[in-house]
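# Remarks on the overall topology
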Amino acid sequence: VQLWDVQILCVKRGNVHTHQKVNVVQLVEQKYFVKLIRVMDIIVKIIKVWFVSQIIVKGATETGLMKFKEDLVDRFGKLPDVFAGLLETVRLKWIAKRLGIEKVLIRRDKMKLYFPADQNAYIYKSDEFGKMINYVMMNPKTFTVKQTANELLIIAIGVDDIYEALGLLGEVELFVKKDSQANLA
């Protein structure tokens, strides 16, 4: 039995099937309405806390993240796409942190990159930030920059999911690092 197989009460078009063993992922795919709101909320919170604690225990490295994924698959079987996406979210946060980005938000075909509100933050004085802005300016069809009184925001258009966000931010990081390494040579 995998973690995702649970005993639940499910409703499909008014027909009640009690205590039927079902796969949670299949329920979502089959558009069942699941009456587990409180229980599922608690389970999700426990899994998230456990997930984050395990990443911290395994070490915040690519090797640690891959080991963690292998452990999950060994213990529970094939992971649902939601959990695979969570692993990619960790990678996205690592790249964002290296680029000085405080927050990444992906919603409605856009990725928003939030920078520190403090205008004296180190990132704004770094060469890497200047190179990142150069990359953004060289790609006006993809990026726009928005400056408000409180924050700097870079918006990437056409980013639908975590995988596209990871690819795009990875390209930015490669550009910044490549340019930095060329200057050292």
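Please refer to the structure placed before this passage.
Residues numbered from 1 in each chain as written. Predicted model: local features only at pLDDT ≥ 70, side-chain atom pairs only at ≥ 80, totals over all residues. Heavy atoms only, no water.

### With respect to the pairing of strand 5 (residues 110-114)
The pairing of strand 4 (residues 103-107) with strand 5 spans five bridges and is antiparallel. Looking at strand 5, one finds that Val104 is bridged to Leu113. Between the end of strand 4 and the start of strand 5, which pair antiparallel, lie two residues, with Arg108 showing a positive phi angle near 50°. Note that strand 5 and strand 7 (residues 152-157) share five bridges and pair antiparallel. For Lys110, the partnering residue across the bridge sits in strand 7 and is Ile157. (Pairing = 2+ DSSP bridges. Helix = DSSP H or I, 4+ residues; strand = E, 2+ residues; numbered from the N terminus.)

### A short note on unusual backbone geometry
Of note in the backbone geometry, Arg108 takes a positive phi value of approximately 50° without being a glycine. Positive phi, close to 65°, is recorded for Asp109, a residue that is not glycine. Of note, Asp109 is situated in the loop between strand 4 and strand 5. For Asp109, a relative accessible area of 36% translates into the label partly exposed. (Buried < 20%, exposed > 50% of the residue type's maximum accessible area, 1.4 Å probe, protein only.)

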